[in-house]
Amino acid sequence: MHIQIQCCGIVLMLVLFYFYVRQKRISLYTQKAFWSVFWTTFVCVVFDVLSIIVIQHRHEVSEPFAKFIAKTYLVTLLAVAISALEYMYVDIYVNMDVYRKQMKKYWVLALLGAIGTYAVPLHYNYSADGTEVLYTYGPSVYVTYGVSLIFFVRVFYLMYKEKAKINPRRREAVCIWLVLWIGASQIQFMYTNLLIVGYAGAIGIMVLYLKLENPETNLDRKTGLFNSNALYQYAKEFYAKDEDFSLLVIVFASRAYKNIRLDRRAAIKMQIIEYLMKIPDSITFKNAEDEYFVVFTNMGVAEKRVREIRERFQESWDEDKEGVVLPRWLYLPHANVVDKAGNLLYLVRYVRQEEKEFSETNFFNVGQEIVDKMRNEREMERLILEALEHDRVEVFYQPIFSTAEHRITSAEALVRIRDNEGKIVPPGMFIEIAEETGLIMKLGRVVFEKVCCFIKNHPLEHYGMQYIEINLSVVQCAYEHLAQDYITIMEQYGIDSKYINLEITESASTSAKMTLIKNMEELMGYGVKFSLDDFGTGQSNLNYIVDMPVDIVKFDRTMINSYFENGKAKYVMEAAIHMIHGMNLEIVSEGIETKEQFQTMEDLGISHIQGYYFSKPLPEDEFIEFLEKKLGA
Ligand code: C2E
Ligand code: MG
Ligand code: MG
């Protein structure tokens, strides 16, 4: 038996050990589990060598002692197997109590395995001349291998069953490590003079180190601070333990340095990093976007420390007193307002985007309120996504009455979503979120297709109808290919463009306005008409009507209501009617609920009336019923 290969394994592990301890680390359970894998493997390889030496000198050291050492080597193999299992469990059950409960039976089994290994006999296999021991075998070996096998099978089973909970890199690394072990022991089994198991174990540890446990993966290369990956792991453990911490996020957008001379910026940044590293009672993390996360696990001092840090930032970082850096601050006194590390990072991003929520001091205290708002928005986003996926987007139709023809001549298509309990969710609850998340593009398209499908199945002229009005979001209007997409859909359904009227609102930015006009021209060229929605809400003004090639202006309900409630508003609306009619455009009054309101609008010469007075928005079949009843009447 030779020990050269095993000795290489020992050297390899010592080198790894050197790199590992030299680096800055945060204390994580997974790292502790790696430590235990590392040490058990190390002890195992050492005992491998020891047992070979002792067996060779068994006559000098006494037979029972040689066997005891050989059996101890077997027991260390068991220890490696159980530490492999621990290493998996610690990732699956970050909560230590659950982890310990799960592991208990395996520790008992390992203990029984160890007792068994010592208790039963171990035999030597000798070379042909009977002088040299080639390998050991017998019940003691079988007990060790049997119990280890249970652990290894369990590890593979966990990898398969708890796939979702295990980080894929971890799965891959652990797989390589175990395949090395098992493969090496197979080879050794066939070629008994090739003692490579210990060495393979050491190589396996190196794989784990390189792929998973290299502390450098938790460090920001430039600053040496812990990075966002480390923050995520660190926070994950806190949430798993149900413990709380405070978090200060310092955001250095470029304007934070606006007072600082360009050539001084780099030096001042370094000074700030050094300062942040040394804040007492805290650990500082940094992400790729120059945001610093200062975590306080001792919440009693957090508030005081935050005050001190902010005070420091009121002072100059330069001798000339002009080096004041102005970051934005986001303080979470209780990280447990959310329930997961992922949600914590999402919350920070969310608050950061809600620029308007920051006060003039650039300081924002993150409390329950904004968390609820975020949760609600995420919930809505999920609802929209699900509705799109499961075809739960519905279009309701609200009839529009023509005062000239004294009958219903058009309708507005209004989107609804049905939640998974079958309840209708109105657009007021989701349109804004759909716009913020970009989902409005898909949603708007679905609505348009559904309306086209409706027109195809129910020829409008049959019901005395002329066109359907469909809302367009400003986000859609700013999309370059909107016109082409909509024309394609109309062609697919074989819909004449005269049946379509698109409602636009005043768009926010001028660049969006250019695209909007391009889209409008293309669609108008195809025969589609346009209305200007929300007139009188402050979202629309008269200039906009002058600029925009619309045929219809829709008076918002709020404007109609003020007409009836406020003397001055009356004059404004009458003047607007006069001017709009002067431009040869039609008007739709929305939100007409009573006969008196209807009468007044008719007297004012308004051509189209929409409102509960005629009907609320109706689902497709009820709308058809409504139209048929009108036809019969
Ligand atoms: P809007 O386009 O101004 O639509 C008119 C809203 O006023 C509708 O609300 C309608 O139900 C309501 N309404 C009509 N008559 C009366 C009335 O007499 N009394 C009262 N109290 N309300 C009346 P809805 O359906 O909740 O839609 C709200 C807004 O959501 C719409 O305002 C529109 O801006 C947006 N929206 C609806 N469907 C779509 C869509 O498919 N795409 C986009 N982008 N936005 C849509
Ligand atoms: Mg509308
Ligand atoms: Mg409107």
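Residues numbered from 1 in each chain as written. Chains lettered and ligands numbered in written order. Predicted model: local features only at pLDDT ≥ 70, side-chain atom pairs only at ≥ 80, totals over all residues. Heavy atoms only, no water.

(A) Molecular detail of the overall build of the protein. Helix and strand content of the protein: 23 helices and 17 strands. Taken over C-alpha atoms, the radius of gyration comes to 37 Å for the protein, far larger than the 26 Å a tight globule of 633 residues would show. Principal-axis analysis of the C-alpha atoms gives the protein an extent of 120 × 70 × 40 Å. The buried share of the protein, taken over its 633 residues, is 50%. Relative to all contacts within the protein whose residues are 6 or more apart in sequence, the contacts with residues 24 or more apart total 68%. A total of about 30,900 Å² of accessible surface is found on the protein, and carbon and sulfur atoms cover 55% of it. Once the 67 positive and 81 negative side-chain charges of the protein are each reduced to a mean point, those two points are 8 Å apart. (Helix = DSSP H or I, 4+ residues; strand = E, 2+ residues; numbered from the N terminus. Rg over C-alpha atoms; globule rule 2.2 N^0.38 Å. Buried < 20%, exposed > 50% of the residue type's maximum accessible area, 1.4 Å probe, protein only. Contact = heavy atoms within 4.5 Å. Areas by Shrake-Rupley, 256 points an atom, 1.4 Å probe, with all protein chains shown as cover. Lys, Arg positive; Asp, Glu negative; His and termini not counted. Charge placed at Lys NZ, Arg CZ, Asp CG, Glu CD.)

(B) Highlighting the coordination of the magnesium ion (ligand 3). At the metal site, the magnesium ion (ligand 3) is ligated by Asp533 (OD), Glu590 (OE) and Glu590 (OE), and these contacts range over 2.1 to 2.5 Å. If you look at the magnesium ion (ligand 3) and the magnesium ion (ligand 2), they sit 3.8 Å from each other and are both ligated by Asp533. In this pair, Asp533 is assigned in strand β13 (residues 529–535) and Glu590 in the loop between β15 (586–589) and α22 (595–603), connecting sequence segments 57 residues apart. Given the relative accessible area of 6%, Asp533 is considered buried. (Donors = N, O, S within 2.8 Å, 3.2 Å for Na, K, Ca; no water.)

(C) Examining the coordination of the magnesium ion (ligand 2) more closely. Of the protein atoms, only Glu412 (OE), Asn471 (OD1), Glu503 (OE) and Asp533 (OD) coordinate the magnesium ion (ligand 2), at distances of 1.9 to 2.2 Å. As a motif over one chain, the donors of the magnesium ion (ligand 2) read E-x58-N-x31-E-x29-D.

(D) Representation of helix α8 (residues 197–213) in the model. Counting buried residues in α8 gives 12 out of 17 residues, a clear majority hidden from the surface. For α8, the elements touching its buried residues are α1 (4–22), α2 (29–56), α4 (63–92) and α7 (168–190).

(E) Geometry of the nonpolar core. Of all hydrophobic cores here, the largest spans 78 residues; its most connected members are Ile468, Leu502, Ile504 and Phe555. The element best represented in this core is helix α15 (residues 440–457), accounting for 8 residues. Leaving out residues up to four positions away in the same chain, Ile504 has contacts with Leu472, Cys477, Leu516, Met520, Phe530, Ser531, Leu532, Asp533, Met548 and Val550. Membership of the second largest hydrophobic core comes to 64 residues, among which are Phe38, Ala66, Phe152 and Trp181. (Core = buried A, V, L, I, M, F, W, Y, C linked by side-chain atoms within 4.5 Å.)

(F) The arrangement of the site of ligand 1 in detail. Near ligand 1 you find 23 residues, and of these Glu412, Arg416, Asp533, Glu593 and Tyr612 are the closest. Between Arg416 and ligand 1, the recorded distance is 2.8 Å, taken from a side-chain N or O atom to an oxygen atom. At 2.8 Å from an oxygen atom of ligand 1 is found a main-chain nitrogen or oxygen belonging to Tyr612. Its free accessible area being 810 Å², ligand 1 has 83% of it covered by the protein chains. Elements supplying a minimum of two residues to the shell around ligand 1: β9 (407–418), α15 and β13. (Near = heavy atom within 4 Å. Polar contact = N/O pair within 3.5 Å; in protein donor to acceptor, adjacent residues only side chain to side chain.)

(G) Inspection of α4 at higher detail. Its 30 residues give α4 an end-to-end C-alpha distance of 44 Å, which sits within 8% of 44 Å, the value for a rise of 1.5 Å per residue. Within α4, 24 of the 30 residues are buried, which leaves the element mostly enclosed by the surrounding structure. (Expected span 1.5 Å × (residues − 1).)

(H) Region of interest: the packing of aromatic side chains. All chains considered together, the criterion is met by 42 aromatic pairs. Measuring from ring centre to ring centre gives 5.6 Å for Tyr18 and Phe19, while their planes differ by 65°; the resulting arrangement is edge-to-face. Ring pairing ties together the aromatic residues Phe17, Tyr20, Phe34, Trp35, Phe38, Trp39, Phe42 and Tyr209, which thus form one cluster. Note that Lys269 overlies the ring of Tyr257, its terminal NZ or CZ placed 5.1 Å from the centroid. Taking the ring centre of Tyr612 as reference, the NZ or CZ of Lys616 above it sits at 5.0 Å. (Phe/Tyr/Trp six-rings, centres within 6.5 Å; stacked < 30°, edge-to-face > 60°. Lys NZ or Arg CZ within 6 Å of the ring centre and 35° of its normal.)

(I) Representation of the pattern of salt bridges in the model. Per the counting criterion, the structure on display carries 29 salt bridges. Notably, a salt bridge pairs Asp281 with Arg305, separated by 2.8 Å at the nearest N-O pair. With Asp281 in the loop between α10 (265–277) and β4 (283–286) and Arg305 in helix α11 (residues 299–314), this pair connects stretches of sequence that are 24 residues apart. The shortest N-O distance in the salt bridge between Glu308 and Arg305 comes to 3.0 Å. You can see Glu308 and its partner Arg305 sitting in helix α11, 3 residues apart, about one turn around the helix. Classification of Glu308 by relative accessible area gives partly exposed; the value is 33%. The network of salt bridges with common partners includes Glu412, Glu469, Glu503, Lys554 and Glu590. (Salt bridge = Lys/Arg side-chain N within 4 Å of Asp/Glu carboxyl O.)

(J) Highlighting the sheet that holds strand β5 (residues 291–296). On the basis of which strands lie adjacent, the open sheet formed by 5 strands has the order β4-β5-β3-β6-β7 and mixed pairing. Edge strands, defined here as strands with exactly one partner in the open sheet, are β4 and β7 (363–365). Ignoring strand direction, the axes of neighbouring strands in this sheet form an average angle of 15°. The pairing of strand β3 (residues 246–251) with strand β6 (residues 328–332) spans 5 bridges and is classified as antiparallel. Within β6, the position partnered with Leu247 by the bridge is Leu332. Of the strands in this sheet, β3, β5, β6 and β7 are in contact with helix α12 (residues 341–353), which crosses β6 at around 140°. (Pairing = 2+ DSSP bridges. Axes fitted to C-alpha atoms, helices over the stretch in contact; angles between N-to-C directions.)

(K) How the structure looks around the pairing of strand β2 (residues 133–137). Two strands pair when backbone bridges link them, and strand β1 (residues 123–126) and β2 are joined in this way by 4 bridges, in the antiparallel orientation. Bridge assignment links His123 to a residue of β2, and that residue is Tyr137.

(L) Highlighting the packing of α1 against α2. It is at 10 Å that the axes of α1 and α2 come closest, and there the two elements cross at 155°. Compared by their axis directions, α1 and α2 come out roughly antiparallel. Helix-helix and strand crossings are classified by hand; for α1 and α2 the assignment is left-handed. Judged by residue contacts, Gln6, Cys7, Ile10, Met13, Leu14, Leu16, Phe17, Tyr20 and Val21 of α1 engage Gln31, Phe34, Trp35, Phe38, Trp39, Thr41, Phe42, Val45, Val46, Asp48, Val49 and Ile52 from α2. Residues of the contact of α1 with α2, tallied by class, amount to 17 nonpolar, 3 polar and 1 charged. (Parallel < 35°, antiparallel > 145°, perpendicular 65-115°, else oblique. Left-handed = near helix turned anticlockwise from the far one by under 90°. Nonpolar A, V, L, I, M, F, W, Y, C, P; charged D, E, K, R; others polar.)

(M) Region of interest: the environment of Arg221. As for its placement among the helices and strands, Arg221 is situated in the loop between α8 and α9 (228–241). By relative accessible area, Arg221 is classed as exposed at 74%. As for Arg221 and Phe626, which are separated by 405 residues in sequence, their C-alpha atoms are 68 Å apart.

(N) Broad picture of the side chain of Ser140. Mapping Ser140 onto the fold places it in helix α6 (residues 139–161). With a relative accessible area of 0%, Ser140 lands in the buried category. For Ser140, the side chain forms a polar contact with the main-chain oxygen of Thr117, separated by 2.7 Å. Setting aside residues no more than four positions away along its own chain, Ser140 makes contact with Lys71, Leu74, Thr117, Val120, Pro121 and Leu122.

(O) Expanded view of a nonpolar patch on the surface. Taken together, the side chains of Ile5, Ile187, Phe189, Met190, Tyr191 and Leu194 define a hydrophobic patch exposed on the protein surface, amounting to about 610 Å² of accessible area. Among the elements that take part in the nonpolar patch, α7 stands out by supplying 3 residues, more than any other. Considering the arrangement of structural elements, one finds Phe189 in helix α7. (Patch = residues over 30% accessible without salt bridge, like charges linked within 9 Å, V, L, I, M, F, W, Y side chains within 5 Å.)

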